[in-house]
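If you want the building blocks of each chain, they are given just below.
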Amino acid sequence: RVVHYLIYRDPRDVAVSEAHYLTYMNRWHRLHRAFAALPDDASRIRFAILGNTGDYRVPYSYPDIGTRFGRFLPWLRRGDVCGVRFEDLAGAERNATI
């Protein structure tokens, strides 16, 4: 008898944020060296989108962004889960969303 809220971001924003965060902000994350070693931000964003399925690889699981987001899709189909886009909470529709 509990309502669950799943707040999710646009995958494009996640890829850009992840590439920036893992390259410039969190040098202790296991993906930091892989992202920092790439030649430019476009390559880093591509890696964040494609994961180990693209041109760049790491020796552990790093799935593409579709697979990572796909894990949460079943939650959005449940009657006891209210899905809320982060962009709706942060944008002009904030009051209507809340």
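Let me begin by describing the structure that accompanies this report. For every chain, the first residue of the written sequence is number 1, and numbering continues from 1 onward in sequence order. Per-residue local features of the predicted model are confined to residues with pLDDT of at least 70, and side-chain atom pairs are confined, for both listing and counting, to 80 or more; whole-chain, interface and lining totals are unaffected and use all residues. The side-chain values count all of the structure's non-hydrogen atoms but skip hydrogen atoms and water molecules.

### Considering helix H1 (residues 11-25)
- Numbered from the N terminus, helices here are DSSP runs of H or I no shorter than four residues, and strands are runs of E no shorter than two. In this scheme, a helix's expected span is set at 1.5 Å multiplied by one less than its residue total. Between its first and last C-alpha atoms H1 spans 20 Å; for 15 residues at 1.5 Å apiece the expected length is 21 Å, and the two agree.
- Buried residues of H1: Val-14, Ala-15, Glu-18, Ala-19, Leu-22 and Thr-23, and no others. An end-on view of H1 places all buried positions within 140° of arc, on one side of the element.
- Buried positions along H1 lie against helix H2 (32-36), helix H3 (41-50) and helix H4 (65-70). Type-normalised accessible area, obtained with a 1.4 Å probe on protein chains alone, sets the label of each residue: buried when under 20%, exposed when over 50%, and partly exposed for intermediate values. As used here, the arc belongs to the directions running from the helix axis to the C-beta atoms. In this analysis, two residues are considered to be in contact whenever any of their non-hydrogen atoms come within 4.5 Å of each other.

### Some thoughts on the nonpolar core
- Nine residue types can take part in a nonpolar core, namely buried Ala, Val, Leu, Ile, Met, Phe, Trp, Tyr and Cys, and a core is a set of them joined through side-chain atoms within 4.5 Å. Counting 12 residues, the largest nonpolar core consists of Val-14, Ala-15, Ala-19, Leu-22, Leu-31, Phe-35, Leu-38, Phe-47, Ala-48, Val-58, Tyr-62 and Ile-65.
- Of all the secondary structure elements, the ones that give two or more residues to this core are H1 and H3.
- In this view, Val-14 contacts Arg-9, Ile-65 and Phe-69; residues no more than four positions away in its chain are not counted.

### Side note on the side chain of Arg-68
- The topology assignment puts Arg-68 in helix H4.
- When its relative accessible area of 15% is taken as the criterion, Arg-68 is described as buried.
- Setting aside chain neighbours within four positions, we find Arg-68 in contact with Glu-18, Ala-48, Tyr-62 and Pro-63.

### Quick notes on the packing of aromatic side chains
- For this analysis, a ring pair means two rings from Phe, Tyr or Trp (six-membered ring only for Trp) whose centres lie within 6.5 Å, classed as stacked if their planes differ by under 30 degrees, edge-to-face if by over 60, and tilted for the remaining angles. Tallied over the entire structure, the rule returns 5 aromatic pairs.
- Ring plane angle 80° and centroid distance 6.2 Å describe the contact between Phe-47 and Tyr-56, whose orientation is recorded as edge-to-face.
- Given a relative accessible area of 27%, Tyr-56 falls into the partly exposed group.
- Their ring planes at 85° and their centres at 5.2 Å tell us that Phe-72 and Trp-75 sit as a pair that is edge-to-face.
- Taken together through their ring pairs, the aromatic side chains of Phe-35, Phe-47, Tyr-56 and Tyr-62 make up a single cluster.

### Thoughts on the layout of surface pockets
- Considering only enclosed or pocket space, the largest pocket measures out at about 170 Å³ in volume.
- Using a grid of 1 Å spacing that covers the protein atoms alone, one calls a set of points a cavity when a 1.4 Å probe fits there but cannot get out, and a pocket when the set is open and has protein on both sides within 12 Å along at least five of seven lines; lining residues are those with an atom within 4 Å of a point. Taken together, Leu-6, Tyr-8, Arg-68, Phe-69, Phe-72, Leu-73 and Leu-76 make up the lining of the largest pocket.
- Those elements that provide at least two residues to the lining of the largest pocket are strand E1 (4-8), H4 and helix H5 (73-76).
- For this scheme, ten residues count as nonpolar: Ala, Val, Leu, Ile, Met, Phe, Trp, Tyr, Cys and Pro. Four count as charged, namely Asp, Glu, Lys and Arg, and the remainder, Gly too, count as polar. When the residues that make up the lining of the largest pocket are grouped by side-chain class, the tally is 6 nonpolar, no polar and 1 charged. Grid points are joined across faces, edges and corners, and a volume is the space filled by probe spheres set on the points.

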